[in-house]
Amino acid sequence: MKNLTLLLLLLLFSLHLSSVLSWKKDEFRNCNQTPFCKRARSRKPAPSSLVATHVSLSDGELVAKITNSRDDQIKPLILSLSAYQDGILRLKIDEDPSSIPPPPKKRFEVPDVVVPEFAGKKLWLQKLDTKTLDGDSSPSSIVYLNEEYDAVLRHEPFEIYVRDKSSGKRVISLNSHGLFDFEQLKHKKPKSDQDEEKHDHDQYQDDDQDHDHDHDQDQVKEEKDEDEDWAERFRSHTDSRPYGPQSISFDVSFYGADFVYGIPERATSFALKPTRGPGLEDHSEPYRLFNLDVFEYVHDAPFGLYGSIPFMISHGKSHGTSGFFWLNAAEMQIDVLTAGWDADSGISLPSDRSRIDTLWMSEAGIVDAFFFVGPKPKDVVRQYTSVTGTPAMPQLFATAYHQCRWNYRDEEDVENVDAKFDENNIPYDVLWLDIEHTDGKRYFTWDRAMFPHPEEMQNKLAAKGRHMVTIVDPHTKRDDGYFLHKEATKKGYYVKDANGNDFDGWCWPGSSSYPDTLNPEIRSWWADRFSYENYVGSTPSLYIWNDMNEPSVFNGPELTMPRDALHYGGVEHRELHNVYGYYFHMATADGLQKRGNGKDRPFVLSRAIFAGSQRHGAIWTGDNTAEWEHLRVSVPMILSLGLTGISFSGADVGGFFGNPEPELLVRWYQVGAFYPFFRAHAHHDTKRREPWLFGERNTELIRDAIHVRYMLLPYFYTLFREANTSGVPVVRPLWMEFPSEEATFNNDEAFMVGNSILVQGIYSERVKHASVYLPGKQSWYDLRTGTTYKGGMTHKLDISEDSIPAFQRAGTIIPRKDRFRRSSTQMVNDPYTLVIALNSSQAAEGELYVDDGKSFDFKNGAYIHRRFVFADGKLTSVNLAPTSPGNSRFSTSSVVERIILLGNASGPKRAHIESTNLNVDIELGPLWLQRGRSSSAVTIRKPGVRIADDWTIKIL
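Sequence order as written defines residue numbering, which begins from 1 separately in each chain. The predicted origin of the model limits local features to residues at a pLDDT of at least 70 and limits the giving and counting of side-chain atom pairs to 80 or more, whereas totals for whole chains, interfaces and linings rest on all residues. Remark: hydrogens and water are excluded; side-chain values derive from all non-hydrogen atoms of the structure.

In the nomenclature of an unreviewed UniProt entry, the protein chain is known as Probable glucan 1,3-alpha-glucosidase of Castanea mollissima. UniProt positions are given in the numbering used here, feature names are shortened, and annotations may be inferred rather than shown by experiment. A UniProt comment under Sequence similarities (unreviewed entry) is attached to the protein chain, and it reads "Belongs to the glycosyl hydrolase 31 family."

Draft legend 1. Examining the UniProt feature "domain: Glycoside hydrolase family 31 TIM barrel" (unreviewed entry) in the protein chain more closely. On the UniProt side, "domain: Glycoside hydrolase family 31 TIM barrel" (unreviewed entry) is annotated at positions that read residues 391-719 here. A helix here means a DSSP run of H or I that spans at least four residues, while a strand means a run of E at least two residues long, and both kinds are numbered starting from the N terminus. Between the first and last C-alpha atoms of residues 391-719 the distance is 11 Å; the span itself is 33% helix and 11% strand.

Draft legend 2. Expanded view of helix α17 (residues 713-726). Helix span, expected: 1.5 Å multiplied by one less than the number of residues in the helix. Relative to the 20 Å expected for 14 residues at 1.5 Å per residue, α17 spans 20 Å between its end C-alpha atoms, a close match to the ideal helical length. Note on exposure labels: buried denotes an accessible area under 20% of the residue type's maximum, exposed denotes more than 50%, and partly exposed covers the range between, all computed with a 1.4 Å probe on protein chains only. By the criterion of burial, α17 is predominantly enclosed, with 12 of the 14 residues buried. Along α17, the residues that are buried comprise L713, P714, Y715, F716, Y717, T718, L719, F720, R721, A723, N724 and S726. Note on α17: the residue one or two positions beyond its end, G727, has a positive phi of about 85 degrees.

Draft legend 3. Focus on the sheet that holds strand β31 (residues 649-650). Pairing between strands requires that DSSP locate at least two bridges from one strand to the other. Pairing is parallel across the open sheet formed by 8 strands, whose spatial order is β31-β30-β29-β28-β24-β23-β22-β32. With partners counted over all chains shown, the strands left at the sheet margins are β31 and β32 (678-680), one partner each. In this sheet, β31 lies alongside strand β30 (residues 618-620) in parallel orientation, the contact comprising 2 bridges. Note that in β31 the partner of W620 across the bridge is G650.

Draft legend 4. Structural view of the pattern of salt bridges. A pair is scored as a salt bridge if a Lys or Arg side-chain nitrogen falls within 4 Å of a carboxyl oxygen belonging to Asp or Glu. For the structure on display, the rule yields 80 salt bridges. Close ionic contact of D300 with K273 constitutes a salt bridge, the shortest N to O distance being 3.1 Å. Of the two residues, D300 is situated in the loop between β16 (287-289) and β17 (311-316) and K273 in the loop between β15 (259-262) and β16; the sequence distance between them amounts to 27 residues. Given a relative accessible area of 45%, D300 falls into the partly exposed group. Across the pair K317 and E742 runs a salt bridge, and its minimum N-O distance is 3.4 Å. Here E742 lies in the loop between α18 (734-737) and β34 (750-753) and K317 lies in the loop between β17 and β18 (320-326), a separation of 425 residues in the sequence. Connected through shared salt-bridge partners, R29, E232, D239, R241, R288, E331, E363, E558, R563, E572 and R574 make up one network.

Draft legend 5. Quick peek at helix α15 (residues 662-672). Burial within α15 is extensive, with 9 of its 11 residues counted as buried. Listing the buried residues of α15 in full gives L664, L665, V666, R667, W668, Y669, Q670, V671 and G672.

Draft legend 6. Spatial organisation of the confidence of the model for the protein chain. Scored by pLDDT, the protein chain comes out at a mean of 92, with 93% of its residues at no less than 70. Confidence of the prediction at every residue is given by pLDDT, a number between 0 and 100. Residues are treated as being in contact if the distance between any of their heavy atoms lies within 4.5 Å. For the stretch residues 1-21, pLDDT sits under 50, and the model shows 21 contacts to residues farther than four places along the chain or on other chains. Note that residues 194-225 has pLDDT below 50 and, in this model, 71 contacts with residues that lie over four places away or in other chains.

Draft legend 7. Structural view of the sheet that holds strand β26 (residues 505-507). Across the sheet, 3 strands lie side by side as β25-β27-β26; this open sheet has antiparallel pairing. Where the open sheet ends on each side, the last strands, each with one partner, are β25 (476-477) and β26. Direction of pairing for β25 relative to strand β27 (residues 510-513): antiparallel, over a ladder of 2 bridges. Directly across from T476, in β27, lies its bridge partner S513.

Draft legend 8. Structural context of the state of the cysteines. Working definition: a disulfide is two cysteine sulfur atoms within 2.5 Å of each other. A full pass over the atoms with the stated rule returns 1 disulfide. The thiol sulfur of C404 is not disulfide-bonded, and the nearest other cysteine sulfur, from C507, lies at 17 Å. By relative accessible area, which is 2% here, C404 ends up buried. Under the relative-accessibility criterion, C507 is labelled buried at 0%.

Draft legend 9. Expanded view of the nonpolar core. With 187 residues, the main nonpolar core has F603, Y669, F674 and V753 as its most contacted residues. Setting aside its immediate chain neighbours within four residues, F674 contacts V708, R709, L712, F716, V731, F751, V753, I757, V759, L783 and A806. In plain words, nonpolar cores are sets of buried Ala, Val, Leu, Ile, Met, Phe, Trp, Tyr and Cys residues tied together by side-chain atoms within 4.5 Å.

Draft legend 10. Region of interest: the packing of α15 against helix α16 (residues 696-711). Lines are fitted to the C-alpha atoms to define the axes, a helix being fitted only along its stretch in contact, and any angle between axes, read from their N-to-C directions, falls within 0 to 180 degrees. Their axes nearest at 8 Å, the elements α15 and α16 cross at an angle of 10 degrees. Comparing the axis directions of α15 and α16 gives the class roughly parallel. Here P662, L665, V666, Y669, Q670 and G672 of α15 lie close against α16, whose contacting residues are N698, L701, I702, A705, I706 and R709. In this count, Pro and Cys sit with the nonpolar residues alongside Ala, Val, Leu, Ile, Met, Phe, Trp and Tyr, while Asp, Glu, Lys and Arg are called charged and the others, Gly among them, polar. Each residue belonging to the contact of α15 with α16 can be placed in one class, and the counts come to 8 nonpolar, 3 polar and 1 charged. Oblique is the label for every angle not falling under 35 degrees (roughly parallel), over 145 degrees (roughly antiparallel), or within 65 to 115 degrees (roughly perpendicular).

Draft legend 11. Broad picture of the packing of aromatic side chains. Each Phe, Tyr or Trp ring, with Trp reduced to its six-membered ring, pairs with another whose centre is within 6.5 Å; inter-plane angles below 30 degrees give stacked pairs, above 60 give edge-to-face pairs, and intermediate values give tilted ones. Counted by the stated rule, this structure contains 59 aromatic pairs. Centre to centre, the rings of Y401 and F421 are 6.2 Å apart; their planes meet at 50 degrees, and the pair counts as tilted. Of this pair, Y401 sits in strand β22 (residues 401-403) while F421 sits in helix α8 (residues 411-423), and the two are 20 residues apart along the sequence. A ring pair is formed by Y669 and F678, whose centres lie 6.2 Å apart and whose planes are at 80 degrees; its orientation type is edge-to-face. Classification of Y669 by relative accessible area gives buried; the value is 0%. Overall, F678 belongs to the buried group, its relative accessible area being 0%.

Draft legend 12. Up close: the environment of E550. When you line up the elements, E550 lands in the loop between β28 (542-546) and α12 (573-576). Along the sequence, E550 and V835 sit 285 residues apart, while their C-alpha atoms lie 43 Å from each other. Setting aside chain neighbours within four positions, we find E550 in contact with N291, L292, D293, Y306, H577, Y580, R607 and A608. Looking at E550, its side chain comes within polar contact range of the side chain of R607, at 2.7 Å. The term polar contact refers here to a pair of N or O atoms within 3.5 Å; inside protein, the definition further demands a hydrogen-donor-capable atom paired with an acceptor-capable atom, and it admits residues adjacent in sequence only when both atoms are side-chain atoms.

Draft legend 13. Inspection of the pairing of strand β2 (residues 61-68) at higher detail. Pairing between strand β1 (residues 50-58) and β2: 7 bridges, direction antiparallel. If you follow L57 over to β2, its bridge partner there is L62. As judged from the 5 bridges shared by β2 and strand β3 (residues 77-84), these two strands associate in the antiparallel manner. Across the sheet, residue V63 finds its bridge partner in β3, namely S80.

Draft legend 14. Quick peek at the environment of R574. Note on placement: R574 falls in helix α12. Judged by its relative accessible area of 3%, R574 falls in the buried class. The contacts of R574, once residues within four sequence positions are left out, are D239, R241, P242, Q246, A329, A330, E331, E363, A364, R563 and D564. Separated by 2.6 Å, the side chains of R574 and D239 make a polar contact.

Draft legend 15. Focus on the side chain of T644. Relative to the helices and strands, T644 resides in the loop between α14 (628-643) and β31. Among the residues examined, T644 registers a relative accessible area of 1% and is labelled buried. Here the side chain of T644 touches S640 through a polar contact of 2.9 Å, landing on its backbone oxygen. There is a polar contact of 3.1 Å between the side chain of T644 and the backbone oxygen of L641. Contacts of T644, omitting those with residues within four sequence positions, involve G262, I263, P264, I309, F311, Y384 and Q614.

Draft legend 16. Up close: unusual backbone geometry. The omega torsion across P264 and E265 is 25 degrees, close enough to zero to call that bond cis. Position of E265 relative to the elements: it lies in the loop between β15 and β16. The omega torsion of the bond from W406 to N407 falls at 10 degrees, within 30 degrees of zero and hence cis. Secondary-structure assignment places N407 in the loop between β22 and α8. The backbone of R235 shows a phi angle near 55 degrees, a positive value even though the residue is not glycine. Along the chain, R235 falls in the loop between β12 (232-234) and β13 (237-239). If you check the backbone angles, K441 has positive phi at about 65 degrees while not being a glycine. Mapped onto the secondary structure, K441 falls in the loop between β23 (430-433) and α9 (454-462).

Okay, here's the thing in C-alpha cells:
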C-alpha cells in the first residue's frame, strides 16, 4: 500500500514538474499581461500636474505634501528628503496616514535591508533654503549633500534632481517627464455602493493627459473595469487584490551617461540595452525584477531570473558615475528609453550632455529611493554598500574550488570522488550534496540507506582540510510525522493563504508549506534548526545551500507563491515577494553563526537575492546550460551582480543542464577559475563530468585551471577583504579601473580581477586567434609567459588550448602561493611568491591580507595587512593593520619564498635584505612552478622575510 501511495504521488508530481523542466515563455507574464506595467507604459511624458506644498523642515529632514493641482479630490501624499554623509540623498513618498478617510492599511516598507549604522550618517538639515532658480517660474528648495553636490526639490511642477554645485549641471532627476503616479489603497465597498461610485484609480497624473492617450479607448475601459480593480487573473490563477491597484511609477534620468548597468538578475549584456522608444519594436519588454524559478533559462533576454536588485548605475565620459536605488520588494519593471522617446512631450531638459531616461514601475510598496552622486565608479559602489552593507568576509575554504552534482549517490560515491581528486593531483575544498541526500526531501534529515554515517563521512573530508555542503530549501514537506512540519504547524510559523490557512503549495517533496521568515521570531526559530542537536548528523565542517527560495511553487502562478498570500503583520506576498529569499538566506546564515557560538563565519549559498544579500553569503546564477552562449553570458551576469553589491557570485562551471563537449568544459574551467565563487555543478540527467573523465589531456588542462585559482588564493582573499571593507567587487568591469576609456564601457567579454589582473574569456569553439583590448597607458604582462603588451590598444593574439588570455597590469604586485596541496586549508603555512610587474617608472605596489581564514577575530584587529611598494630599486613591506593595544593579534610564520620581477630594466645581480643585512643572488627562474613549458623571469629566491614584518629589499 505504501508503494502504491508513493507511485501515485510520483505520478502527480510528474504532472506538476513538467511545467518547470524547461523555460516556457507562456508560463510567465509579460508587460501587457501585467496591468500595472501596462498602465504605466501607456502614459505619455508631459508637464506634471503635481505640486510640492507645505514644504518645511522636521527632524532634520525636508518634508512636504504632494498634491494634484487639477484634482483636489485626490488625497495628498507625504514626502521627506534627507541627506547622508558621502553625498547620499534619500527620498520617501507614502500615503498620508492622517488623511480622511485614512488608508485601509499601512503600505509595506522593507525592513532589515538598510544597515542600522546608516542612520548615524544622517546630516541634520539646519535651515530651509527656498528660492526661484534661473529659468524657473516657481520656487525650489535646496538640500545640502556635500561640498560638491546639492539636491533640488522643484515645487511646481514637482521634480527632484541632484546637481553639481559649481556648474549647476544635473546628475540624476526624478519626474522630469511628469510620469510620477501613485495608486492609493482603497476600501472595498459593498456592491451596491460600487455601482453608484465613479471609478477612480487615484492616479497622480493630469486627467486631461490621462484621457488623451493614443491607445485604444476600449482598452482603457477594460483597464478601468471594476473587476480588474479587485481581481487579477493570469492563466488559471486569480489574485484577489483586496486593496485594489496600488502601483507606483516614475521616470528617472541620468545625465552625462553613455550607458546604464545593474538591476540584476538576468542573462543579458552588461550594458543595459534600450527597451522602448524610436527604432524598437512595439512588443519589446521592460527589464523585469520578480524572483522566479526559471528552469533552463535563455540568454540575451530582459526576463528576470532568481534575484532582484533595483539598483542602477550610469557611467559616462563627461560626468562619471552615479546611481539610483529603489528599496521596494514588490514586482518591478524598468524601461530604458531611447533618445527621442519624449520628442512630443513639450518638456525641455538640458541637452548639452548625453542623457539616459528610464521608467521605473512597481506593483506595490512605497517610494524609498536613494540617489548616489559618485562621481567615480568605486564611489558609487561604496555609497550603495554604505546603505545595504558590504559583502560578508568569507572563510578561506569558500574562496577555493567546489565540486557539486545533483546528486552524489551515497557515501561510497562521495569517498570515490574525493579519492579521485587526490589520485589526479587536483585540489578541491568542498563537496556538495543535493536534495537526494535527504529522507524523502525532508530537510535536516539523511537518507540512512545511502548515507548511514554522515558524521563519519564529513570527518573523513575534514581530515584533509575539506568541507561538505548540504541543501536546505524553504518548502517544508507537509507530513504529520515530520518533526519540522509538526513544530512549524503547531507554532503557526507558515505563510498563510488569502483565507488565513497555512499556504499549501507543490515543490520537490510534493505538498509543502513555507516558513514566514519576514517574522523575526520565525527567523530566530529557523536559525536554531541548524544547531548540532537539531540538525542530527551535521558537524562543524558542514555548511548550507539555500535553493528554490524565490520561493518556488510548482503549481503557483508563474511557479511562485500567489500574490495575495499573507505574511507577518498582514503583509501581502505581492509587497515582499522579492525579499522572501533574502530573509530565508539571512536566517540560515544566522543559524550557522549561532551554531558556532558566534565564532565561525557562516557559508551559505543562495539562489534568490535582494539588495543586501551580500551580507549573508554567496550566490550563483542558477540553472544555466552547457552552451557556449551561457559561458559567454556568465561574465556580464557576474559583473552586474558585483556592481550591485553581490561580490561573491559565480556560474555553474560546465553548465547545469546538458553535456558539455570537452573543449567547452575546459574553457569554462579556465574562465571559472577567475569567478569569485568557483563551483562545478550538473543536473542528475547529465553524464558524470568530474575533471578526470574526459581523457588525460583534458584532465591536465582542467587541473591546470584549478591550480591557477589555488596559486592566486592569497590575491583573491585580499580582494574579498577589500570588498568586505569598501564594497568594491572582486571581479569588476574594465571601466571601473579605467573610467575614462570609452572602449571599455560596453566590453563585457573581458573583466578585471581586482585592479591587477585582466581576463579575456574564449567563448567559441576551435578559436585560434582573439582580439583583446588592453586599456590604460601602461603595459600589461601575460600572466603565463611574462610577455609585455602595450596598453591603450587592441592586440590580436594566438590562442592555444592551454589557457585563456590573462594579463597582469604594470605597476601592480600580486601575492601567490605556488605549492600545490589537496585543499586551501593545507596551504595555510606555505610560503608566498610576490610577482612584481613594473611600470614605465620602474614602480609597482600591491597588498596582502591574511587572517585565520575562519573566525570573526579579524573584526577585532586579528589580521595581517601589508602594502608592498617597489620604487627607486627598493621593495618595501609596510603595515596597514591597526596596532592599538586593545586589538586581537594574529601571527603567522609564513615567509616570502620568491620575488619575481617583470619588466626590470637594470639587469640586477643581487638583492640586499636590509633587516638581516644579507645579500641574496638574483637569477632566472620559472614564472610558474610545476609547468613544463614555463617562461623564465628575474627571481629573488628565498629572501626569507616574514610576511608579518616590516622589511626592505634593495636591488643591487
